[in-house]
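Listed below are the residues making up each chain.
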Amino acid sequence: KSKAAKKGQALFFNTALDEQVKRDFLIETELRGAMNKGEIAVHYQPQISVKSGDIIGVEALVRWNSAKLGAVSPADFIPIAENTGIIRELGSYIIYKAMSDIKALNDNLPVPLNVSINISPKQLMESDFVDSVMQASRELGLDSQWVTLEITENVLISDLSVVQPTLEALKNNGFKISLDDFGTGFSSLSYLSNLPLNEIKIDRSFIDKFLSSSHSESLVKTIIAIGEFCHLSVVAEGVETQAQFDLLSEYHCDAVQGYLFYKPLPLSELVEKCRSHQNHTHSVGE
Ligand code: C2E
Ligand code: MG
Ligand code: MG
Ligand code: MG
């Protein structure tokens with residue numbers, strides 16, 4: 001390659017990097033004020049039991065609609081919130097919001113729903129994390145049996161001497177633990193039997209390739225078998241087609257989440273969908 005071309009390439013990378021740094025800084029600055037400005041919302045994606053077809057729970061997913069930046073994806077701002085310490089305030093805001101929304105919803109449902117809340121490694125490692133979720137659950141009157149905390153495999157490689165007792169304490173207080181994005185990280189199979197887990201979630205990337213790649217199909221099949229063996233419930237995320245659902249059902253996956261059923265919904269829409277889903281399930285079953 002010519003010197004000029006190399007120089008051009010270097011310039012391109014520098015500029016791209018520069019843009020990224022600028023955007024990250026802008027996100028950080030705006031995120032600090034976002035909660036007070038009411039820009040942070042929590043949406044809920046229903047989880048469906050494969051066996052009964054009922055909505056059995058929801059996953060809480062944070063949404064940020066910034067006046068300056070527009071809608072920013074959690075995939076973009078959660079890592080920045082983590083690196084800057086903003087996650088502490090943001091994380092507890094999400095926990096309170098999700099618990100109070102689902103408490104209000106459950107008060108009007110014949111069968112209560114579970115809420116799954118994503119927890120960042122930094123949050124989980126805070127020394128007062130267990131106390132703070134217990135306090136939220138007590139204050140809001142949402143029993144811990146309806147709350148699942150989703151952690152990722154990455155937290156398990158960080159510091160097991162901190163993570164293990166934290167998870168034990170959560171379990172002893174009635175919370176459930178789910179291992180999110182299962183299969184994408186570096187967790188060893190021994191964690192599955194040693195840690196107090198209740199659930200694993202098969203990452204969307206595997207469900208994506210599920211029908212087109214026999215490798216992904218065996219992988220999904222194996223994850224479901226491992227879950228069964230370890231007495232963990234298995235949830236598949238990112239289910240977009242009927243064909244994917246049918247195969248997951250054939251392999252006895254426990255629950256599914258995905259656009260085939262519902263996108264993440266604001267609370268008001270979730271309330272509506274819970275009503276119509278129930279009516280629908282009943283009319284089908286009767
Ligand atoms: P995740 O926890 O694995 O969440 C699943 C993601 O898949 C969500 O993206 C959800 O909207 C998306 N999804 C669900 N069904 C489908 C589908 O059928 N097709 C496709 N293409 N996508 C689907 P989202 O909301 O953008 O969140 C991305 C990630 O950001 C989450 O991955 C989670 O790691 C993180 N995150 C989201 N909310 C929170 C939060 O409140 N706290 C923390 N710490 N992290 C969060
Ligand atoms: Mg999740
Ligand atoms: Mg996931
Ligand atoms: Mg994911």
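See the structure above.
Owing to the predicted nature of the structure, the values given are computational and were not obtained by experimental measurement.

A few points about the packing of helix α5 (residues 129–140) against helix α7 (residues 160–172)
Between α5 and α7, the shortest axis-to-axis distance is 10 Å and the interhelical angle comes to 20 degrees. Viewed along their axes, α5 and α7 adopt a mutual orientation that is roughly parallel. α7 is crossed by α5, and the crossing has right-handed handedness. Of the residues in α7, those touching α5 at Phe-129, Val-130 and Val-133 are Thr-166, Ala-169 and Leu-170. Along the lines of polarity and charge, the residues of the contact of α5 with α7 split into 5 nonpolar, 1 polar and no charged.

Concerning the coordination of the magnesium ion (ligand 3)
Within the protein, the atoms that donate to the magnesium ion (ligand 3) are Asp-180 (OD), Asp-181 (OD), Glu-237 (OE) and Glu-237 (OE), at distances of 2.2 to 2.3 Å. Donor residues for the magnesium ion (ligand 3) sit on one chain with the sequence pattern D-D-x55-E.

Overview of the pairing of strand β4 (residues 114–118)
The buried fraction of β4 is high, at 4 of 5 residues. Where strand β2 (residues 55–66) and β4 come together, 4 bridges link them in parallel fashion. When the sheet's bridge partners are listed, Glu-59 is paired in β4 with Ser-116.

Topic: the pattern of salt bridges
The full count for this structure, using the stated rule, is 14 salt bridges. Residues Asp-18 and Lys-22 are paired through a salt bridge, measuring 4.0 Å at the closest nitrogen-oxygen approach. Taken together, the residues Asp-18 and Lys-22, both in helix α1 (residues 3–34) and 4 residues apart, mark about one turn of the helix. With a closest N to O distance of 3.6 Å, Glu-30 and Lys-37 form a salt bridge.

Quick word on the packing of helix α3 (residues 87–106) against α5
As a packed pair, α3 and α5 sit with axes 10 Å apart at the nearest point and diverge in direction by 30 degrees. With respect to their mutual orientation, α3 and α5 come out roughly parallel. The handedness of the crossing between α3 and α5 comes out as right-handed. Across the interface between the two elements, Ile-95, Tyr-96, Met-99, Ser-100 and Lys-103 of α3 pack against Phe-129, Val-133, Gln-135, Ala-136, Ser-137, Glu-139 and Leu-140 of α5.

Describing the site of ligand 1
If you check the shell around ligand 1, you find 21 residues, and the closest are Arg-63, Ser-120, Asp-180, Glu-240 and Tyr-259. A distance of 3.1 Å separates a nitrogen atom of ligand 1 from a polar side-chain atom of Arg-204. Within the side chain of Glu-240, an N or O atom sits 2.5 Å from a nitrogen atom of ligand 1. Protein chains shield 85% of the accessible area of ligand 1, which is 800 Å² for the free molecule. Class assignment for the residues of the shell around ligand 1 results in 8 nonpolar, 5 polar and 8 charged.

So, unusual backbone geometry
A positive phi angle, near 55 degrees, is found at Asp-181, a position not held by glycine. Positionally, Asp-181 belongs in strand β6 (residues 176–182). Relative accessible area serves as the criterion here: at 24%, Asp-181 is assigned to the partly exposed category. A positive phi angle, close to 55 degrees, is found at His-231, a residue other than glycine. With respect to the helices and strands, His-231 occurs in the loop between α10 (214–229) and β8 (233–237). Since its relative accessible area comes to 72%, His-231 is described here as exposed.

A short note on the packing of aromatic side chains
Aromatic ring pairs: the centre-centre distance and the angle between the two ring planes describe each pair. Evaluated as defined, the whole model comprises 3 aromatic pairs. For the cation-ring pair, Lys-263 lies above Tyr-259, with the distance from its terminal atom to the ring centre recorded as 4.8 Å.

Points about the pairing of strand β5 (residues 147–152)
Across the 6 residues that make up β5, a large majority, 5, are buried. For β4 and β5, the ladder comprises 4 bridges, and the chain directions are parallel. Among the inter-strand pairings, Asn-118 is bridged to a residue of β5, identified as Glu-150. Note: β5 against β6, 5 bridges, orientation parallel. Of the residues in β6, the one forming a bridge with Thr-152 is Asp-180.

Re α5
Taking 1.5 Å of rise per residue, 12 residues should cover 16 Å, and α5 covers 17 Å from first to last C-alpha, within 8% of that figure. Those residues of α5 not exposed but buried are Phe-129, Val-130, Val-133, Ala-136 and Ser-137. Seen along its axis, α5 keeps its buried residues to an arc of 130 degrees; they face one direction. Facing away from the buried side of α5 by over 90 degrees, the exposed positions are Asp-131, Arg-138 and Glu-139. Tucked into the core, α5 has its buried residues touching α3, α4 (121–125), β5 and α7. Within two residues after α5, Gly-141 carries a phi angle of roughly 75 degrees, on the positive side.

Cut-offs and rules
- Residues numbered from 1 in each chain as written.
- Chains lettered and ligands numbered in written order.
- Predicted model: local features only at pLDDT ≥ 70, side-chain atom pairs only at ≥ 80, totals over all residues.
- Heavy atoms only, no water.
- Axes fitted to C-alpha atoms, helices over the stretch in contact; angles between N-to-C directions.
- Helix = DSSP H or I, 4+ residues; strand = E, 2+ residues; numbered from the N terminus.
- Parallel < 35°, antiparallel > 145°, perpendicular 65-115°, else oblique.
- Left-handed = near helix turned anticlockwise from the far one by under 90°.
- Contact = heavy atoms within 4.5 Å.
- Nonpolar A, V, L, I, M, F, W, Y, C, P; charged D, E, K, R; others polar.
- Donors = N, O, S within 2.8 Å, 3.2 Å for Na, K, Ca; no water.
- Buried < 20%, exposed > 50% of the residue type's maximum accessible area, 1.4 Å probe, protein only.
- Pairing = 2+ DSSP bridges.
- Salt bridge = Lys/Arg side-chain N within 4 Å of Asp/Glu carboxyl O.
- Near = heavy atom within 4 Å.
- Polar contact = N/O pair within 3.5 Å; in protein donor to acceptor, adjacent residues only side chain to side chain.
- Areas by Shrake-Rupley, 256 points an atom, 1.4 Å probe, with all protein chains shown as cover.
- Phe/Tyr/Trp six-rings, centres within 6.5 Å; stacked < 30°, edge-to-face > 60°.
- Lys NZ or Arg CZ within 6 Å of the ring centre and 35° of its normal.
- Expected span 1.5 Å × (residues − 1).
- Arc of directions from axis to C-beta.

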